[in-house]
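Inside the fold
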Amino acid sequence: MDRNDGQEDGGGGAGRRTFLKGATTTLLAAGALGTSVTNAAADGEGYRTTTKPIASWDGTELATRLYIPEGSGPFPAVLITHGYGADKEGGIPARMGPKYAKHGYVVLTYDSRGFGESDGEVGVDGPKEVNDAQHLLDWLGDATRADVGGRGSGPLVERDRSGDIRVGMDGLSYAGGIQLNLAAVDDRLDAILPRWAWNDLVYSLAPNGGIKLAWTTILQEFGLQGSRDVETGGDADYDVDERDVRNGVDPRLYKFYTESLATNDFSPAARAFFKLRSPSTKGDGLAENAPPSLLITGWNDTLFTATETVRNHELLEAGGQDSRMVFIRGGHSLEQQGPLRQGEIDRMALTWMHRHVGGEAPELPSPWAAAAGESSGNANPNADRNATATADIPEVTYWRAQAGDFATAPGIPDAEDGPSRTLAEAANASSGTTDLAGGPVGGSNSEVLVQRNDDYAEGTYADFDYPVDAATEVLGVPEVTLAVTPLGRDPLVFVKIYHVTADGEEELVYNQATPYEVAGAVGEAREISFDLAGIERQFAAGDTLRVTVATTDVAYADSRTSAGVRLDNDASTVRIPVRGESGLAEPSGSRAADSTDTDATPLDSL
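I will try to describe carefully the structure that is included in this document. (Residues numbered from 1 in each chain as written. Predicted model: local features only at pLDDT ≥ 70, side-chain atom pairs only at ≥ 80, totals over all residues. Heavy atoms only, no water.)

1. Here we look at the sheet that holds strand E16 (residues 472-476)
An order of E22-E16-E26 is seen for the three strands of this open sheet, with the pairing classed as antiparallel. The outermost strands of the open sheet, each flanked by one partner alone, are strand E22 (535-539) and strand E26 (578-579). Note that E16 and E22 share five bridges and pair antiparallel. Of the residues in E22, the one forming a bridge with Gly 476 is Ile 535. (Pairing = 2+ DSSP bridges. Helix = DSSP H or I, 4+ residues; strand = E, 2+ residues; numbered from the N terminus.)

Now the structure itself:
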């Protein structure tokens, strides 16, 4: 692939504003954050539905829809909300509500505060939203069959031995974040399934100091539209009514966004706001309260990367909690419309909920079926939530894009245990230094939200190629340590991994690029170390693993002041997590030890 293919005027490329406008429009049309695109299932097939407003802890009215199985109950329960800017009538709530109900669960879906038909102000899964979820658990605990249109005064929701209701949670993105934030302060949950959730919102929106301009812009639009009834909850003409005027997102979010545009940074107030809503700051609460957790994430999720799910898993495991991970092809990405194998993922969710909350067991999905070796049946509704054996469900289930199937593993390999290479040991590099131009130069590199992964602004990137001489599976979170000298104030560096096949085809693995803002005095060398986005890739003999270091990316805010960076090739290291044996070729040791730039134009010739 020629990196200049499709670029106008020899490499100028599409402008940032054009890209953001196009990406946002496409995401809105595709419903990438869970926008309401699917109607709720009709009554029948073993369950019925009813809508019910529930006044929350502070009197805020929350719009809910219940899916109620046939029978007299009581039933185990599932609580589900929706993605950011969406509502309960689409996405996971509308798809999984009927599925859980058919398997004997009463399902309470709801419009999160400020979205859809619920009143209040959107607080990004903050304390108010956590209190809302706790109040809905209270409501489920007190509800009778008569409260949902049934006969009699018996309890709606089943209880376990300790007297707590048997209840789990499922949900995607915004609905994944609320599960972890709730689990940190409430021990009543028996299972959670956070899909595409974050670990640290500061890292999600500005990893290592690089502002995700594309995503912060898109999220602003989703929040505005979802909370003002433009996309969800309104009539066909999108008329604004009194409720729309009352609802909205926390006004601080607009301030934080504007400040980030002006300063290329988050203010201390913004960082505190997002940290308060992050599982990364709630390790003690999760260690004490978290139920068995099935964490589902997308390899090509560019908002909440697979690295954040690995960090959540490590946080839960450190507290002694039961945590498993499922990596799919999908997530916050336009490519989510691709081969998600959604039915198989949903069956995994049903299996997890059955084992820890209770109900009629669904058929075990592959790849777990072969390992499970057990028949369907009814769970003991009075069993302790941790008593159900889960040894047959692996710690890791992951999608292999090239093979087109799921595989399992006992854990995620650690990059520290994998092959390590310096930049100088790349086949196309040498000892010495590599200079990269930076700042507001023409062009940019990988586009994180769409499939155009070109590095086309000469002088702003360098490739470091590592030949593969035997089959190698990369699985996990790569790490880099760069010895870098800023050539201007606060430069950004971006590190990416390409797969180059033996016939020369290049692909940026899962479209991921990871930034790092290099702070400190201009001209003063320093060492920076950071994780890249988690990936999976199978390399064949004759392929090349390419590490690209760049100084700009169209989906991020560029440094406005930096002239670029100088890399010390000998002191910069890449560590690659591999499953099984590594097939990376050993460095030949034959390259000249002179100070030559690698795939980069010297600064003094620009």
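2. Considering the sheet that holds strand E1 (residues 47-55)
Read from one edge of the open sheet, 10 strands run E1-E2-E4-E3-E6-E7-E9-E10-E11-E12, paired in mixed fashion. The strands lining the two open edges of the sheet, one partner per strand, are E1 and strand E12 (405-409). Neighbour-to-neighbour, the strand axes of the sheet open up by a mean angle of 15 degrees, direction not taken into account. By the bridge criterion, four bridges tie strand E2 (residues 61-69) to strand E4 (residues 106-110) in an arrangement that is antiparallel. Residue Arg 65 lies in a different strand from E4, and its bridge partner there is Thr 109. Helix H4 (residues 174-183) contacts E4, strand E6 (167-172) and strand E7 (191-195) of the sheet and is inclined by roughly 145 degrees relative to E6. (Axes fitted to C-alpha atoms, helices over the stretch in contact; angles between N-to-C directions. Contact = heavy atoms within 4.5 Å.)

3. What to know about the packing of aromatic side chains
The final tally for this structure, using the stated rule, is 15 aromatic pairs. Note on Tyr 84 and Tyr 174: the rings are 5.2 Å apart at their centroids and 70 degrees apart in plane angle, and the pair reads as edge-to-face. Of this pair, Tyr 84 sits in the loop between strand E3 (77-80) and helix H2 (91-102) while Tyr 174 is found in helix H4, placing the two residues 90 residues apart along the sequence. For the pair Tyr 84 and Tyr 174, a shared accessibility class is recorded, and that class is buried. Measuring from ring centre to ring centre gives 5.8 Å for Phe 115 and Tyr 174, while their planes differ by 85 degrees; the resulting arrangement is edge-to-face. Placement of Phe 115 in the loop between E4 and strand E5 (121-122) and of Tyr 174 in helix H4 is noted, with a sequence separation of 59 residues between them. Judged by relative accessible area, which is 0%, Phe 115 ranks as buried. With relative accessibility at 2%, the residue Tyr 174 sits in the buried group. In this arrangement the basic side chain of Arg 277 is found over the ring face of Phe 273, its NZ or CZ atom lying 3.7 Å from the centre. Directly above the ring of Tyr 203 sits Arg 311, whose terminal nitrogen or CZ lies 4.4 Å from the centroid. (Phe/Tyr/Trp six-rings, centres within 6.5 Å; stacked < 30°, edge-to-face > 60°. Buried < 20%, exposed > 50% of the residue type's maximum accessible area, 1.4 Å probe, protein only. Lys NZ or Arg CZ within 6 Å of the ring centre and 35° of its normal.)

4. Observations concerning a negative patch on the surface
A cluster of acidic residues, Glu 314, Glu 317, Asp 414 and Asp 417, forms a negative patch at the surface. Considering the arrangement of structural elements, one finds Asp 414 in the loop between E12 and strand E13 (420-422). (Patch = residues over 30% accessible without salt bridge, like charges linked within 9 Å, V, L, I, M, F, W, Y side chains within 5 Å. Areas by Shrake-Rupley, 256 points an atom, 1.4 Å probe, with all protein chains shown as cover. Salt bridge = Lys/Arg side-chain N within 4 Å of Asp/Glu carboxyl O. Lys, Arg positive; Asp, Glu negative; His and termini not counted. Charge placed at Lys NZ, Arg CZ, Asp CG, Glu CD.)

5. Points about unusual backbone geometry
Trans peptide bonds make up the majority, and among non-glycine residues the majority have a negative phi. Following Gly 73, the chain continues into Pro 74 via a peptide bond in cis, with omega recorded as 0 degrees. Positionally, Pro 74 belongs in the loop between E2 and E3. Backbone geometry at Val 124 places phi at a positive 55 degrees, although glycine is not the residue there. With respect to the element layout, Val 124 can be found in the loop between E5 and helix H3 (127-142). Unlike most non-glycine residues, Asp 490 shows phi in positive territory, near 50 degrees. Among the secondary structure elements, Asp 490 is positioned in the loop between strand E17 (479-486) and strand E18 (492-500).

6. So, helix H12 (residues 342-356)
Over its 15 residues, H12 extends 21 Å from the first C-alpha to the last, a length consistent with the 21 Å expected when each residue adds 1.5 Å. Counting buried residues along H12, 12 of its 15 residues qualify, which places the element largely inside the surrounding structure. Considered for burial, the residues of H12 that qualify are Glu 344, Ile 345, Asp 346, Met 348, Ala 349, Leu 350, Thr 351, Trp 352, Met 353, His 354, Arg 355 and His 356. Gly 358 occupies a position one or two residues after H12 and carries a positive phi of about 115 degrees. (Expected span 1.5 Å × (residues − 1).)

7. Some words on the packing of helix H6 (residues 213-227) against helix H8 (residues 252-263)
For the pair H6 and H8, interaxial distance at closest approach is 11 Å and the crossing angle is 155 degrees. When the interaxial angle is binned, H6 and H8 end up roughly antiparallel. As for how H6 packs across H8, the hand of that crossing is left-handed. Note on element contacts: H8 touches H6 through Leu 253, Tyr 254, Tyr 257 and Leu 261, opposite Leu 213, Thr 216, Thr 217, Gln 220 and Leu 224. Its residues assigned to classes, the contact of H6 with H8 comprises six nonpolar, three polar and no charged. (Parallel < 35°, antiparallel > 145°, perpendicular 65-115°, else oblique. Left-handed = near helix turned anticlockwise from the far one by under 90°. Nonpolar A, V, L, I, M, F, W, Y, C, P; charged D, E, K, R; others polar.)

8. Details of the nonpolar core
Of all hydrophobic cores here, the largest spans 108 residues; its most connected members are Tyr 100, Phe 464, Tyr 466, Leu 545 and Leu 567. In contact with Tyr 466, not counting residues within four places along its chain, are Arg 421, Thr 422, Leu 423, Glu 425, Ala 426, Thr 544, Leu 545, Val 547, Val 574 and Leu 584. (Core = buried A, V, L, I, M, F, W, Y, C linked by side-chain atoms within 4.5 Å.)

9. Notes on the side chain of Lys 88
Residue placement: Lys 88 occurs in the loop between E3 and H2. A polar contact is formed between the side chain of Lys 88 and the side chain of Glu 89, at a distance of 3.3 Å. Residue contacts for Lys 88: discarding those within four places in its chain leaves Ala 63, Thr 64, Arg 65, His 82, Pro 93, Ala 94, Thr 109, Tyr 110, Asp 111 and Glu 117. (Polar contact = N/O pair within 3.5 Å; in protein donor to acceptor, adjacent residues only side chain to side chain.)

10. So, the side chain of Lys 282
Within the element layout of this structure, Lys 282 appears in the loop between helix H9 (268-276) and helix H10 (283-289). Here Lys 282 sits buried without a salt bridge, and the closest side chain of opposite charge, Asp 125, lies 9.0 Å off (N-O distance). Ignoring anything within four residues of it in the chain, the contact list for Lys 282 reads Asn 181, Ala 184, Leu 276 and Arg 277.

11. Topic: the pattern of salt bridges
All chains considered together, the criterion is met by 27 salt bridges. One salt bridge connects Arg 311 with Asp 531, and the closest N-O pair in it is separated by 3.2 Å. Here Arg 311, found in helix H11 (residues 306-318), pairs with Asp 531, found in strand E21 (residues 526-531); they are 220 residues apart in sequence, far enough to count as distant. Within this structure, Arg 65, Lys 88, Glu 89, Asp 111 and Glu 117 form a network of salt bridges that share partners.

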